[in-house]
Amino acid sequence: MDRCESLRNWLHHLEEKSELATIEKKVSLNYEIAAAAKKLDGKKAGYFSNVEEYKTPVLAGTATTRQQFADALNIDVDKLSKTFLDALKQPLPCHLIESKQAPVHENIIEKKDVDLLHQFPIPVHHEKDSGNYITGGLAIAKDPVTGKQNVSIHRLQISGKDRLGALILPRHLYNFFKNKEEAGEGLDIAIVIGVDPVLLLASQAIASVGQDELEVAGALKGYEEQVVKCKTIDVDVPANAEIVLEGKILPEVRETEGPFGEFPKYYGPESKKEVIEINTITHRNNPIYQTILPASYEHLLLGGIPREASILNKLRETVPTVKDVHLTIGGTCRYHLAVSMKKRNEGEAKNVILAAFAAHYDVKHVVVVDEEVDIFNMEEIEWAVATRFQADKDMVVVHDSLGSKLDPSTDQGVGSKVGFDCTVPLNAQPMEYERIRIPGLEDLNIDDYIK
Ligand code: MN
């Protein structure tokens, strides 16, 4: 599509491509939206127009395939990593517009009237989740030191009328908050719900601290992201968003949050977590509530695509002839990495394996293949492991290294990493690894042969 300026814009595009399923049947917030979204996952977005007890519709599965994310960026699907890397290197500053021009400021709910679960259809997704969760909200906050903004997504438990329990892992937002908390203050934060897939993708950039992910979104789109200053806090938010919750992460407050079904398809445990108090809500006329089904293709790809770009960049610093990388869906788009490369020197594939372990701590199993193997085809990857790998020579194992704490087979994240060098030895005889081939296969259209 030409311009992906807003969620509504994107929905229009999906509708034209017959990739939007409009569900008019009455659905419950409890599990039913999640179950229907799961059935549509990887195929169509689900627009639920008749949610029990609510006027506001729910959108689930905004983009659930690589092709859809590529469509949102107006690029070919094999250019995702390159496009993302270019955007990281050349971010585009946002354009600040007036409140009266900003669709998201069409309506304001004041503090005394805030009642999250009454006002918005916030679903319960999995059987043992502790309750209703906001899963697709962009958390935007300003670094108290540099003044630069940060964007990230966190699971947000509805803990009261104006209260959210948040899982904030020790990254950028966490550091902003800790700096404030040590000074006895809270951190102003906006939760932005209902945005286009480019903004969702940009929010997951493996960017350095001080890099505003909204500026990455601008670079991905090729034009400045329009932002507006929040009504009650000094944070700029996308002006075309559907809903913005304005609030504060409270200092010295921790409350029970979880369990919650997470991306590895297991529950993240209950524990004491940070609390966000909501002061004001702004929203468009007839807002659309957006949810991301945890562990869905959407959730996994949002984590995977930006990671692939950063990992590709790091691997090429070690071996410049790395062609492409793929964080596979079955490996939760985090733990399993496939790499294709042109091996010029014996041993390079093993260096790539070691670089992959270092590139991101989540990477656990790595398969390296020659460049002609299609790493986006799992059958091809398995074929390479089956026919080009010998465990005594081609396996790299590193024990007791840090991986994902959400991988239950680790000891608090500490575990083993394994690499499979499935590249053909450079001194192999010409026919030894010659792939069988049928001349004319690629150009033959079988429909021309069938009566
Ligand atoms: Mn960041």
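Residues numbered from 1 in each chain as written. Predicted model: local features only at pLDDT ≥ 70, side-chain atom pairs only at ≥ 80, totals over all residues. Heavy atoms only, no water.

Caption draft 1: A look at the pattern of salt bridges. Tallying each qualifying case throughout the model produces 35 salt bridges. In this structure, E380 and R435 form a salt bridge, with 2.9 Å as the shortest nitrogen-oxygen distance. Placement of E380 in helix α11 (residues 378–387) and of R435 in the segment after β23 (414–421) is noted, with a sequence separation of 55 residues between them. By relative accessible area, R435 is classed as partly exposed at 28%. Residue D392 pairs with K393 through a salt bridge whose shortest N-O separation is 4.0 Å. (Salt bridge = Lys/Arg side-chain N within 4 Å of Asp/Glu carboxyl O. Helix = DSSP H or I, 4+ residues; strand = E, 2+ residues; numbered from the N terminus. Buried < 20%, exposed > 50% of the residue type's maximum accessible area, 1.4 Å probe, protein only.)

Caption draft 2: Representation of the nonpolar core within the structure. Formed by 80 residues in total, the largest nonpolar core has its most connected members in V237, L315, V322, L337, V339 and V366. Looking at which domains feed residues into this core, each of domain 1 (79–284) and domain 2 (319–421) supplies at least three. Here L337 is in contact with I311, L315, V325, H326, L327, A356, V363, H365, V366 and V367, once residues within four sequence places are set aside. Counting 41 residues, the second-largest nonpolar core is a separate cluster that includes F120, A166, I193 and L293. (Core = buried A, V, L, I, M, F, W, Y, C linked by side-chain atoms within 4.5 Å. Domains from an automatic or database assignment. Contact = heavy atoms within 4.5 Å.)

Caption draft 3: Layout of the coordination of the manganese ion. Protein-derived coordination of the manganese ion comes from N150 (OD1), H172 (ND1) and E213 (OE), at a distance range of 2.0 to 2.2 Å. Sequence spacing of the donors to the manganese ion: N-x21-H-x40-E. Taken together, the residues H172 in helix α6 (residues 172–182) and E213 in helix α8 (residues 213–221) connect sequence positions 41 residues apart. For the pair H172 and E213, one class covers both residues: buried. (Donors = N, O, S within 2.8 Å, 3.2 Å for Na, K, Ca; no water.)

Caption draft 4: Main features of the sheet that holds strand β18 (residues 289–291). Spatially, 4 strands are ordered β1-β2-β3-β18 in an open sheet, and the strand pairing comes out mixed. Looking at strand neighbours, the two that pair on one side only are β1 (20–23) and β18, the edges of this open sheet. Across the sheet, the mean angle separating the axes of adjacent strands is 20° when strand polarity is ignored. Bridge analysis of strand β3 (residues 58–60) against β18 gives 3 bridges, and the strand direction is parallel. Looking at β18, one finds that V58 is bridged to Y289. Of the strands in this sheet, β1, β2 (45–48) and β3 are in contact with helix α2 (residues 32–40), which crosses β2 at around 150°. (Pairing = 2+ DSSP bridges. Axes fitted to C-alpha atoms, helices over the stretch in contact; angles between N-to-C directions.)

Caption draft 5: Looking closely at helix α1 (residues 7–16). Along α1, the residues that are buried comprise L7, W10, L11, H13 and L14. Within α1, the buried residues cover an arc of 160° as seen down the axis, which keeps them to one side. Projecting away from the buried face of α1 at angles above 90 degrees are the exposed residues E15 and E16. Of the surrounding elements, those touching the buried residues of α1 are β1, β2, β3, α3 (66–73), α7 (197–203) and β18. At the exit of α1 stands S18, carrying a positive phi of roughly 55°. (Arc of directions from axis to C-beta.)

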